[in-house]
Amino acid sequence: MDLEGLSLHMLEAGASEDEIRKLLTDLVKIWKRDWSEDEIREFVDAVLEEVHHVRKAHSLGGRVGDILRPPESGVGMGEMGVGSRGEGDFFVHELLTRLAAKASEGALVSPEERDDAGAVRIDPDEVILVSAVDGMHSRLSEFPFLAGFHATRAAMRDVLVNGARPHGLLVDLHLADDGDVGRLFDFTAGVTAVGAATGVPILAGSTLRVGGDMVLGRRLVAGVACVGTARSDELTPRRDAEPGDLIVLTEGAGGGTISTTAIYHGYYDVVEETLNVDFVRAVEALREEDLLSEVHAMTDITNGGIRGDATEISETAGVRLVFDEETVRSLVNDRVLRMLDELGIDYLGLSLDMLMVIAPEDVAERCVEALNGVGVRADVAGRVEEGSGVVLERDGEEVELDVKFREAAYTKVKRVIGEEHPEEFEEMKERVRRAYEEAERKLRWVLERLGE
């Protein structure tokens with residue numbers, strides 16, 4: 001419950017201060033039941049005073065005003081589909097990574113490549129630093145252990161699929177003002193479960209409140225980062241996929257997204273299927289057989305499902321990916337697939353946490369053998385060709401796999417919001433692009449000043 005954002009929104013909409021004060025008072029009473037009327041009044045007055053300072057800061061002119069005032073696109077996060085792993089999200093991330101790339105000189109794998117992790121050489125010989133960060137699934141706020149477990153697993157897997165060995169974890173944990181402190185322990189226990197099971201220690205962390213005193217409620221927001229190292233010949237970036245390669249997939253039982261789907265539809269037992277660290281056994285099996293140096297690219301099926309991840313590989317590597325639907329379906333965990341089919345959810349359009357290995361034919365076959373040998377179910381599920389796009393072979397026909405505006409709607413709330421492509425999307429993109437350009441101008445000015 002963001003009191004600052006709510007107050008600013010109401011002021012911008014023309015509400016009177018009395019209207020805002022009354023609403024804030026009612027909201028504070030919901031959470032601060034032991035506060036007196038005087039304490040509530042004093043707090044609300046302080047909120048409004050600080051909000052007026054924010055408005056004044058946003059209206060300042062000159063260089064200070066430019067620094068303090070964020071660019072406004074007039075397009076909201078939800079409206080643009082940011083975080084929903086679809087077309088709108090990919091467009092915004094393209095701009096974000098373009099901005100981040102201003103500080104990526106010397107990176108072996110930079111944000112612009114939209115890979116699972118980034119890489120930079122830290123040793124004149126062979127040592128490559130690989131790092132990744134993943135935020136917790138937003139709908140797992142009420143289930144902190146799962147949130148911590150799956151955020152950690154995702155960050156570690158992103159390092160692994162780039163050919164690196166994970167060495168440490170970092171935790172960024174934010175709980176709103178009224179959240180029970182026990183939730184901090186629950187989230188950390190989830191992180192620790194993955195770290196302890198894989199022998200990767202937690203190195204550092206930060207624990208704060210969401211929005212400080214300005215956000216009431218118990219919302220949990222957190223992220224986990226993982227750092228690792230690799231030899232230069234072990235890196236497996238998406239850009240290295242080549243025509244003629246085969247695509248190997250491992251069994252996918254899902255992570256945070258599948259857990260969320262199960263919980264919010266009452267399929268509680270399916271959550272247990274997601275509690276595994278099979279990806280560690282999978283990548284280490286390839287390492288033990290000395291296959292990583294021969295694998296061209298690896299990724300995990302998380303970013304909008306096969307539709308999203310395969311599309312990003314196609315665009316990054318300039319290739320066409322073709323999948324055999326029967327094989328892909330056979331590699332989805334039975335209980336997970338049954339749930340998705342019963343709920344009418346497109347299994348190709350959401351995170352399944354499969355490992356995807358792209359390698360020459362003889363290497364791919366050896367990868368399947370190595371994976372099956374350690375109990376990780378895997379098979380050749382497709383191929384890489386010249387061209388562009390993603391295709392699914394179904395009943396002897398080719399079906400284009402396009403990226404939707406949002407990932408498959410896996411909760412009832414998401415179905416209400418819908419997956420439809422907004423008619424004004426091109427106009428929205430242009431407004432977002434202008435906001436990006438304004439931020440870029442601010443960046444250039446500050447860099448010039450720092451270089452004085």
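Bear in mind the structure is a predicted one, so any value in this text is a computation, not a measurement.

Engineer: Help me understand unusual backbone geometry, please; the structure alone is not making it clear to me.
Structural biologist: It is generally the case that most residues other than glycine have a negative phi and that most peptide bonds are trans. Here D353, not a glycine, exhibits a phi torsion of approximately 60°, which is positive. Take D353: it is sitting in the loop between α13 (334-343) and β10 (355-359). Exposure remark for D353: the relative accessible area of 16% places this residue in the buried category. Despite not being glycine, D395 shows a phi value in the positive range, around 50°.

Engineer: Help me understand the environment of R165, please; the structure alone is not making it clear to me.
Structural biologist: Topologically, R165 is positioned in strand β4 (residues 165-175). Note: C-alpha distance between R165 and A364 (199 residues apart in sequence) is 21 Å. Residues within four places of R165 in sequence aside, it is in contact with V159, V227, G228, T229, E284 and R287. Within the structure, the side chain of R165 is placed 3.4 Å from the side chain of E284, a separation counted as a polar contact.

Engineer: Help me understand the sheet that holds β4, please; the structure alone is not making it clear to me.
Structural biologist: Two orientations exist for strands paired in a sheet by backbone hydrogen bonds: parallel and antiparallel. Strand order across the open sheet formed by 6 strands is β1-β2-β3-β6-β4-β5, with mixed pairing between neighbours. The outermost strands of the open sheet, each flanked by one partner alone, are β1 (107-109) and β5 (202-209). With strand direction ignored, the average angle separating the axes of adjacent strands in the sheet is 20°. As paired elements, β4 and strand β6 (residues 220-231) share 10 bridges and run antiparallel to each other. Residue pairing across strands places L170 opposite A225, the latter belonging to β6.

Engineer: Is there a simple way to explain the pairing of β4 in this structure?
Structural biologist: A regular strand places its side chains on the two faces of the sheet in alternate fashion. The pairing of β4 with β5 spans 7 bridges and is classified as parallel. Counted as the bridge partner of V171 is G205 from β5. In this region the chain leaves β4, passes through helix α8 (residues 182-198) and returns to the parallel neighbour β5; the handedness of that crossover is right-handed.

Engineer: Help me understand the side chain of T261 in this model?
Structural biologist: With respect to the helices and strands, T261 occurs in helix α9 (residues 256-263). For T261, a relative accessible area of 0% translates into the label buried. Only 2.8 Å separates the side chain of T261 from the backbone oxygen of T257, close enough to count as a polar contact. When sequence neighbours within four positions are dropped, the list of residues in contact with T261 reads M339, L340, L343, I345, L350 and Y410.

About the cut-offs
- Residues numbered from 1 in each chain as written.
- Predicted model: local features only at pLDDT ≥ 70, side-chain atom pairs only at ≥ 80, totals over all residues.
- Heavy atoms only, no water.
- Helix = DSSP H or I, 4+ residues; strand = E, 2+ residues; numbered from the N terminus.
- Buried < 20%, exposed > 50% of the residue type's maximum accessible area, 1.4 Å probe, protein only.
- Contact = heavy atoms within 4.5 Å.
- Polar contact = N/O pair within 3.5 Å; in protein donor to acceptor, adjacent residues only side chain to side chain.
- Pairing = 2+ DSSP bridges.
- Axes fitted to C-alpha atoms, helices over the stretch in contact; angles between N-to-C directions.
- Right-handed = clockwise from strand over helix to strand, strands pointing away.

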